[in-house]
Amino acid sequence: AQSVTQPDARVTVSEGASLQLRCKYSSSVTPYLFWYVQYPRQGLQLLLKYYSGDPVVQGVNGFEAEFSKSNSSFHLRKASVHWSDSAVYFCAVSSITGNTRKLIFGLGTTLQVQP
Amino acid sequence: NAGVIQTPRHKVTGKGQEATLWCEPISGHSAVFWYRQTIVQGLEFLTYFRNQAPIDDSGMPKERFSAQMPNQSHSTLKIQSTQPQDSAVYLCASSLGRLGGPQDTQYFGPGTRLLVL
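For clarity, every value in this text was computed on a predicted model and none was experimentally measured. (Residues numbered from 1 in each chain as written. Chains lettered and ligands numbered in written order. Predicted model: local features only at pLDDT ≥ 70, side-chain atom pairs only at ≥ 80, totals over all residues. Heavy atoms only, no water.)

### Structural notes on the overall build of chain B
Part 1 of the argument: The number of helices and strands found in chain B is zero helices and 11 strands.
Part 2 of the argument: Along chain B, helices (α) and strands (β) appear in the sequence β-β-β-β-β-β-β-β-β-β-β when read from the amino end.
Part 3 of the argument: Against the compact-globule benchmark of 13 Å for 117 residues, chain B has a radius of gyration of 14 Å, which places it among compact chains.
Part 4 of the argument: Considering only C-alpha atoms, chain B reaches an extent of 40 × 30 × 30 Å along its principal axes.
Part 5 of the argument: Sorting the 117 residues of chain B into buried and exposed places 48% on the buried side.
Part 6 of the argument: Once local pairs closer than 6 in sequence are excluded, the contacts in chain B between residues at least 24 apart make up 55%.
Part 7 of the argument: Of the roughly 5600 Å² of accessible surface on chain B, 49% is carried by carbon and sulfur atoms. (Helix = DSSP H or I, 4+ residues; strand = E, 2+ residues; numbered from the N terminus. Rg over C-alpha atoms; globule rule 2.2 N^0.38 Å. Buried < 20%, exposed > 50% of the residue type's maximum accessible area, 1.4 Å probe, protein only. Contact = heavy atoms within 4.5 Å. Areas by Shrake-Rupley, 256 points an atom, 1.4 Å probe, with all protein chains shown as cover.)

Spelled out as structure tokens, the structure:
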């Protein structure tokens, strides 16, 4: 069975600082990997996705993530955060085989950006 | 592109009443997914349709919950005899439904916040 672990429930950084949000996954085969962001009282917005190829994927608003098969990780990074990046970030995996494409989510990391 | 539309955005029901939640997928998308979000359990998969056919309902509670997709433009999630523990945000997502690759990306609606008193 697939699973996702986001070890940090809450991360606080200063505006302008760099950011890394951690994600570890468990899967028998390399899954599809996603990062979504959720702002208060809103649905999930896709930040970026990894399907294959270059392990570093670029997303919206300056976010990028790096896939590591050896570490079973898909960490999210941003070089310089803005106060508007404060939100909850979810890492998710999806099976690449079989007939289902359901997403398995981590519990999320709440990012607070301090001015 | 209006995105995934969910109605109502908020619903309050009394214990034992029925609740029906609506989802309109992005035009041209043939796959629809339902998820439930709570503080305690996080985001949980409920059910998935492709080309209106149920594909995976492994996350649906066996009692009181049902989902349908009568046409390609909308899906419904019905909860009978609602209980306080059903209080959650119910999220609908859609994708192009083509298995494999970027076409599988799911786009989410804003959710329906259900409160059962």
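### Considerations on the side chain of Ser-30 of chain B
Residue and element names in this part refer to chain B.
Part 1 of the argument: Here Ser-30 shows up in the loop between strand S3 (19–24) and strand S4 (31–38).
Part 2 of the argument: Judged by relative accessible area, which is 17%, Ser-30 ranks as buried.
Part 3 of the argument: Among all residues touching Ser-30, those that are not within four sequence positions of it are Phe-49, Arg-50, Asn-51, Gln-52, Ser-95, Leu-96 and Gly-97.

### Observations regarding the interface of chain A and chain B
Part 1 of the argument: Counting from both sides, the interface comprises 20 residues of chain A and, opposite them, 26 residues of chain B.
Part 2 of the argument: Interface area, chain A with chain B, both sides summed: about 1900 Å², of which 54% is carbon and sulfur.
Part 3 of the argument: In terms of surface lost to chain B, no three residues of chain A exceed Arg-41, Asn-99 and Arg-101 of chain A, which account for 28% of the buried area on that side.
Part 4 of the argument: Our count for the chain A to chain B interface comes out at zero salt bridges.
Part 5 of the argument: Per-element accounting of the side of chain A that touches chain B gives the leading share, four residues, to strand S5 (residues 32–38) of chain A.
Part 6 of the argument: The residue makeup of the side of chain A that touches chain B, split by class, is 10 nonpolar, six polar and four charged. (Buried area = accessible area lost by both parts, 1.4 Å probe. Salt bridge = Lys/Arg side-chain N within 4 Å of Asp/Glu carboxyl O. Nonpolar A, V, L, I, M, F, W, Y, C, P; charged D, E, K, R; others polar.)

### Here we look at the state of the cysteines
Such a bond, covalent and formed between the sulfur atoms of two cysteines, is termed a disulfide.
Residue and element names in this part refer to chain B.
Part 1 of the argument: Overall, the coordinates contain two disulfides over all chains when judged by the stated rule.
Part 2 of the argument: In this model, Cys-23 is linked to Cys-92 through a disulfide, with the two sulfur atoms separated by 1.8 Å. Where Cys-23 bonds to Cys-92 through sulfur, the torsion about that S-S bond is close to -65°, and the disulfide is left-handed. In this pair, Cys-23 is assigned in strand S3 and Cys-92 in strand S9 (residues 88–95), connecting sequence segments 69 residues apart.
Part 3 of the argument: A relative accessible area of 0% means that Cys-92 is categorised as buried. (Disulfide = S-S within 2.5 Å.)

### Looking at the pattern of salt bridges
Part 1 of the argument: As enumerated under the stated definition, the model contains six salt bridges over all chains in all.
Part 2 of the argument: With its nearest N and O atoms 2.9 Å apart, the salt bridge here joins Arg-22 of chain A to Asp-8 of chain A. Here Arg-22 of chain A, found in the loop between strand S3 (19–21) and strand S4 (24–26), pairs with Asp-8 of chain A, found in the loop between strand S1 (3–5) and strand S2 (10–14); they are 14 residues apart in sequence, far enough to count as distant.
Part 3 of the argument: In this structure Arg-22 of chain A comes out as partly exposed when scored by relative accessible area, which is 35%.
Part 4 of the argument: Here Arg-36 of chain B makes a salt bridge to Glu-44 of chain B, at a shortest N to O gap of 3.4 Å.
Part 5 of the argument: Of the residues examined, Arg-36 of chain B reaches a relative accessible area of 13% and is grouped as buried.

### Focus: unusual backbone geometry
Residue and element names in this part refer to chain B.
Part 1 of the argument: The peptide bond linking Thr-7 to Pro-8 adopts the cis configuration, its omega dihedral lying at -10°.
Part 2 of the argument: Tracing the chain through its elements places Pro-8 in the loop between strand S1 (5–7) and strand S2 (10–13).
Part 3 of the argument: One non-glycine residue, Asn-51, lies in positive phi territory at about 50°.
Part 4 of the argument: The residue Asn-51 is located in the loop between strand S5 (42–50) and strand S6 (53–56) in this model.
Part 5 of the argument: Residue classification places Asn-51 among the exposed residues on the basis of a relative accessible area of 56%.
Part 6 of the argument: Its identity as a non-glycine residue notwithstanding, Arg-64 has a phi of 75°, on the positive side.
Part 7 of the argument: In this structure, Arg-64 sits in the loop between S6 and strand S7 (65–71).

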